[in-house]
Amino acid sequence: AEDATAAAREKLSSLEFPAQLVLEQPEEETAEEKPNMGLVKLSKLPALDGFCSHGMFARTGRTAQPSDYSCARRDARAKPAPSNLVGVWAEVARVIANFSQDLQELLGQMLPSEMAAVLEKKAPLSGEALPPGELPFDVSKHPTCKVAHAQRSLSRWSEDMAFFRDRAASTKQYSLKLKTGGQWPSLDALAQLQKKVAALKESDEAAVSEALTVLLKAAGAVEETSSEDRVEMRLPVLGPPGVPQVLAAAVLWSGLVRIPLRHVALRQTEGGLADGEPLPGRPGELQLLSDLAVLVMLRASRLGLLSRSLEELSRVQVQVQALEAGEPLESRRLLLAQASASLAATLRSKRAYAPGDLEGSYDPRFLAFEFTRNLLLRENQVNLVQDFISTLENKEGGSAMVKQMIMGQGKTTVVCPMLVLMLANGEQLVVLVVPSALLDMSRRVLRSTFASVLTKDVGTFECERSSAFDPHLLKKLEKAKQSGAAVVTVPTSVKSLMLRMLET
């Protein structure tokens, strides 16, 4: 570990940075400090990415330090840009104005309504096609069903059956239009839809590319002012010049859901650089950067939707071409129905967390998660996360909740990472207790989710009754809580810890 640290320090020392941006070396590690989770500690490395890493491997440096990801609301409409902007900020305002024209579409029904012209609304389910609204059996008279918890279970099952029947009766269903007098969609209509989707994808790619160029140019601008007694340098939100653009963009994306996010002033004096502090005035620059970054994320996430639309459209075309070539309908009916239903759902996709109109607000953490994971959150996933958050925030009504989801609904890859993002705020410790068979997968998913843009540390808690007890365990868990980290463990470790506590 010492050799690796020395090599890393030597490599960092060879990098060229402006003299006035050299960061102060951190103090030496004291003898009482112990390595966290048995991994190499990076506290001796200066922070050169513009922000301090304040996780389990804390580094120190003279840079701005965002606190957490607790920004829960953001206005849907971008703030009006001043009319007297010049230079790169005028370009930023122009791109924001262009992107804002499609804001209702980007935040609502993500694809233009003309693309849904190939769809037709199906009649809602009714009669025997609906699922039963009551239990298909009656065990209420059985002696074991007389106890209170059995009666509560039967009541909940009956409510669930009625709920699913009502939902099936009210759900709007869409399918691809069939060609006149035919039993499958028209190849010509599918080809026209493919051209529209491809054209919109090409347009979005060009718009995002232009916006990213302007965004990084504005965010990387450094301004210097001088007076008789000091030289003041305004550092951009992306950190010192020379930071790689990929890293700089990642800091900007994550900054949308961090508090506080601010410019930093480094004042040059005879003794060196003074502490960083927020610069007074000109807060509109940061607002412009934030608004443009949000619009870029909205359009970039739609690019992923357009790519998926083209893939699903291609699968439908394969089935239709086979039918046009003379294959029997029965051999392709199921595959065609599945591909058509998937395409119809994609064409009607919308953001589940978006406000009803542009005057409302939404939680930007959902958008940041969609952007980093290249997916579109489902309505039930958003509702589930919001239910957990509201339950924990309700101090009077208790803080316990149990939810159930079937396999493939995103428990491990969507819901758990979203809860970690929102709940691990430095004030409470987030612990994920998973089955032993899912420990590696859950840990891998969390680490891949919080590896770059939305950064969080992920640790593993292991405890056995026969193993030596770690005297620094409490310190490690407190550091994980303060740094907003997540801890993954299994039920046996939690039970072993409780038994060790009773034994001592």
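Source: prediction; values computed, not measured. (Residues numbered from 1 in each chain as written. Predicted model: local features only at pLDDT ≥ 70, side-chain atom pairs only at ≥ 80, totals over all residues. Heavy atoms only, no water.)

Side-chain pairs of opposite charge can arise where the charged atoms are in close proximity. Under the criterion given, the structure shown has 18 salt bridges. The salt bridge partner of R74 is D291, with a shortest N-O separation of 2.8 Å. Linking R74 in strand β1 (residues 74-75) with D291 in helix α7 (residues 284-324), this pair joins segments that are 217 residues apart in sequence. Each member of the pair, R74 together with D291, is buried. Salt-bridge contacts for E370 lead to R351; the nearest nitrogen and oxygen are separated by 2.8 Å. Placement of E370 in helix α9 (residues 364-373) and of R351 in the loop between α8 (329-347) and β8 (361-362) is noted, with a sequence separation of 19 residues between them. (Salt bridge = Lys/Arg side-chain N within 4 Å of Asp/Glu carboxyl O. Helix = DSSP H or I, 4+ residues; strand = E, 2+ residues; numbered from the N terminus. Buried < 20%, exposed > 50% of the residue type's maximum accessible area, 1.4 Å probe, protein only.)

Moving on to the confidence of the model for the protein. Here the protein averages 75 in pLDDT, and 73% of its residues register 70 or above. Every residue in residues 237-251 is under pLDDT 50, and counting partners more than four places away or in other chains gives 29 contacts. Low pLDDT (under 50) marks residues 257-281, which in the prediction has 76 contacts with non-local residues, meaning those over four places away or in another chain. (pLDDT = per-residue confidence, 0-100. Contact = heavy atoms within 4.5 Å.)

A cluster of basic residues, K121, K172, R348 and K350, forms a positive patch at the surface. With respect to the helices and strands, R348 occurs in the loop between α8 and β8. On the basis of relative accessibility, which here comes to 32%, the residue R348 falls in the partly exposed class. (Patch = residues over 30% accessible without salt bridge, like charges linked within 9 Å, V, L, I, M, F, W, Y side chains within 5 Å. Areas by Shrake-Rupley, 256 points an atom, 1.4 Å probe, with all protein chains shown as cover. Lys, Arg positive; Asp, Glu negative; His and termini not counted. Charge placed at Lys NZ, Arg CZ, Asp CG, Glu CD.)

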